[in-house]
Amino acid sequence: MRRDGCGELRREAAGRKVVLAGWVHRVRNLGGVTFVDLRDASGIVQLVLRNGAHLAHEDVVRVTGTVCPREAPNPSLPTGEIEIEVAEIEVLSRAKPLPLPVADEGSPSEETRLRYRYLDLRKPRLQRNLRLRHRAALAIRNYLDKQGFVEVETPLLTRSTPEGARDFLVPSRLARGSFYALPQSPQLFKQILVTSGVERYFQIVRCFRDEDLRADRQPEFTQLDLEMAFLEDPEELFPLLEGLVAHVFREAIGIEIDLPLPRLPYAEALARYGSDKPDLRFGMEIVDVIDLFPKQSVLAVLQDKIGVARALPVPGGAAKSRSQLAKLAEAAEGQGLDLLAWVKLSEGISSSLGKHVSAEILTAIAARAGAEQGDLVLVAVGEGGVVETALGDLRLRLARDLGLIPRDRWSLVWVVDFPLFKEGEGHLDSEHHPFTSPRSEDLPLLERDPLKVRAKCYDLVVNGVELASGSIRIHRRELQERIFRILGIGGEEAEQRFGFFLRALDYGAPPHGGIAFGLDRWVMMMAGEPSIREVIAFPKTTTGACPLTDAPAPVDEGQLRELGLRLEP
RNA sequence: GGGGACGUGGUCUAGGCUGGACUAGGACACCGGAUUGUCACUCCGGAGACCGCGGGUUCAAAUCCCGUCGUCCCCGCCA
């Protein structure tokens with residue numbers, strides 16, 4: 001007889017003979033009758049046993065019985081209107097006393113959860129997350145398939161890619177002394193694939209970076225990687241990506257995303273929100289107030305230091321006490337800000353600048369920031385760049401603090417026109433990666449003023465989290481080599497590290513571009529989880545360990561010898 | 001590499017500041033008993049912890065100090 005799903009039985013099934021199998025969720029032994037909540041992947045149903053069997057939590061059983069309507073239905077259970085009169089019960093597997101409760105909501109320590117992951121995963125929260133992740137992946141594949149994309153796998157045993165993180169290395173037995181690197185992303189492979197005539201490529205792919213872990217960072221993580229041929233402008237890609245994003249939000253969690261998404265130039269993001277990944281679920285826009293101060297200001301602090309002065313409105317922030325504000329100022333000034341002043345709008349206007357600046361100026365600052373009675377305005381003075389990011393950090397901290405971030409809102413935005421380069425230690429680094437195309441109109445600046453060159457590069461920012469990042473790539477060898485030179489990668493080094501790729505550009509490479517989404521982060525956000533560990537079946541701890549398998553683990557001498565490796569004491 | 005929080009029976013936790021009646025308390029789980037309509041069943045009884053580990057201070061340490069290990073969060077690092 002076919003097995004039914006515990007959670008699927010309803011009133012209509014009354015009278016049917018069924019076979020069920022699952023885990024013993026809870027037992028209520030009343031002596032002459034025992035009630036058992038039986039759980040399988042579909043849900044929970046109540047069994048009625050008339051001749052008692054000794055059952056423990058998480059025992060696995062199979063029962064045969066009849067679906068009966070219940071005299072006293074349980075409205076908190078989807079199957080609450082029926083129960084199963086058990087005729088036969090068979091224990092398929094006994095469970096020892098549990099190291100963590102499965103039928104309880106409480107959360108044991110992370111280490112216990114991971115060591116007994118197979119128990120933790122039985123709980124509804126993680127079951128729900130696994131299924132959400134599956135639905136998201138399925139929606140991605142369906143959508144991209146309809147758009148003519150082909151999923152192609154790329155090697156995991158490969159060579160170092162230039163993403164800037166530390167590589168995980170795999171020693172080669174056949175080529176002693178040489179190592180594979182696990183990919184930080186399939187960047188060059190996907191570019192080679194579009195060059196190979198796969199005009200629309202995608203892959204849901206594991207990536208590896210040997211860096212310290214965070215709540216949203218694991219040493220192995222999953223990207224939705226995609227690339228398209230015959231693109232020269234980000235705008236040619238955005239509609240498709242927006243369609244994808246909207247589709248996934250709809251299919252996975254039933255959220256409708258308004259399209260098209262706004263575009264925000266990098267410089268504007270920094271100026272208005274103090275971040276290249278602004279959270280737009282709330283306002284609190286930063287405004288420039290430098291012109292409001294008199295040219296020959298009497299304000300000594302401002303007189304010689306003044307570079308940039310910007311103001312951040314804090315709705316309801318007037319309730320902050322002087323000492324709280326002093327603490328804020330102290331912390332901000334410790335981070336390189338010259339001055340963090342405040343203007344309070346409660347019972348008139350007051351300010352830490354009160355002695356130095358006229359009431360007219362204070363009022364003008366408040367007005368420019370759009371502050372009203374009960375609000376606070378923070379004014380930051382210092383070096384350009386530092387001021388914006390400091391206010392950006394404060395904007396986030398205070399908004400969280402004051403509960404100004406709506407939980408149910410989704411803000412999606414393209415941040416575009418990133419600079420191509422950033423300053424590294426004594427040389428230039430790529431802001432994105434070395435294969436990013438500069439904007440055509442900025443090409444003349446490449447050698448002359450490289451930091452001014454904008455890239456055909458874009459991030460998708462969701463609720464202040466960088467969810468995806470991509471670019472239009474360089475498809476001409478000359479330009480690629482020019483960029484390498486500016487980055488300080490000489491001809492010889494370029495040939496050695498990327499020769500295989502440069503050669504691919506020699507034989508007819510179409511213009512192309514793409515993007516990569518952090519799938520774990522995406523699912524984490526849709527699941528409303530605080531960490532990507534909650535959406536990964538078998539994640540690692542902050543030290544990169546897996547308590548379930550005890551990886552990483554030492555290997556025996558023989559394995560090392562075969563690889564030609566010896567450990568330093 | 002740096003900063004912070006936490007670590008008490010199987011699980012979650014109280015106690016810790018202010019060391020002594022802590023012989024370490026509770027809840028859940030576990031074991032035994034009672035119980036024919038429960039649904040976080042209930043009731044009675046029981047077992048289970050040298051308070052992560054090592055050292056120090058003290059007449060006395062779960063409690064204070066140092067080190068170490070583990071977990072988590074953050075900075076650096078990392079798209």
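Criteria and cut-off values
- Residues numbered from 1 in each chain as written.
- Chains lettered and ligands numbered in written order.
- Predicted model: local features only at pLDDT ≥ 70, side-chain atom pairs only at ≥ 80, totals over all residues.
- Heavy atoms only, no water.
- Axes fitted to C-alpha atoms, helices over the stretch in contact; angles between N-to-C directions.
- Helix = DSSP H or I, 4+ residues; strand = E, 2+ residues; numbered from the N terminus.
- Parallel < 35°, antiparallel > 145°, perpendicular 65-115°, else oblique.
- Left-handed = near helix turned anticlockwise from the far one by under 90°.
- Contact = heavy atoms within 4.5 Å.
- Nonpolar A, V, L, I, M, F, W, Y, C, P; charged D, E, K, R; others polar.
- Pairing = 2+ DSSP bridges.
- Salt bridge = Lys/Arg side-chain N within 4 Å of Asp/Glu carboxyl O.
- Buried < 20%, exposed > 50% of the residue type's maximum accessible area, 1.4 Å probe, protein only.

Draft legend 1. Region of the structure containing the packing of helix H12 (residues 477-486) against helix H13 (residues 491-505). It is at 10 Å that the axes of H12 and H13 come closest, and there the two elements cross at 160°. The angle between the axes of H12 and H13 places the two elements in the roughly antiparallel class. Crossing handedness for the pair H12 and H13: right-handed. Contacts between H12 and H13 involve Arg-477, Gln-480, Glu-481 and Phe-484 from the former and Ala-494, Glu-495, Phe-498, Phe-501, Leu-502, Arg-503 and Leu-505 from the latter. Split into classes, the residues belonging to the contact of H12 with H13 amount to six nonpolar, one polar and four charged.

Draft legend 2. Examining the sheet that holds strand S6 (residues 150-151) more closely. The strand order across the open sheet formed by eight strands is S6-S9-S10-S22-S21-S20-S17-S11, and the pairing between neighbours is mixed. Strands at the two margins of the open sheet, each flanked by one partner only, are S6 and strand S11 (263-265). In terms of strand pairing, strand S20 (residues 457-462) meets strand S21 (residues 465-472) through six bridges, oriented antiparallel. Its bridge partner being in S21, Val-461 is matched across the sheet by Glu-466. Taken strand by strand, helix H6 (residues 266-273) contacts S11 and strand S17 (412-416), and its axis lies near 85° from that of S11.

Draft legend 3. Layout of the pattern of salt bridges. In total, this model carries 46 salt bridges according to the counting rule given. The partner of Glu-90 in a salt bridge is Arg-62, with the nearest N and O atoms 3.2 Å apart. Here Glu-90, found in strand S5 (residues 82-93), pairs with Arg-62, found in strand S4 (residues 60-69); they are 28 residues apart in sequence, far enough to count as distant. Given the relative accessible area of 35%, Arg-62 is considered partly exposed. As a salt-bridge pair, Glu-441 and Arg-439 come within 2.3 Å of each other at their nearest N and O atoms.

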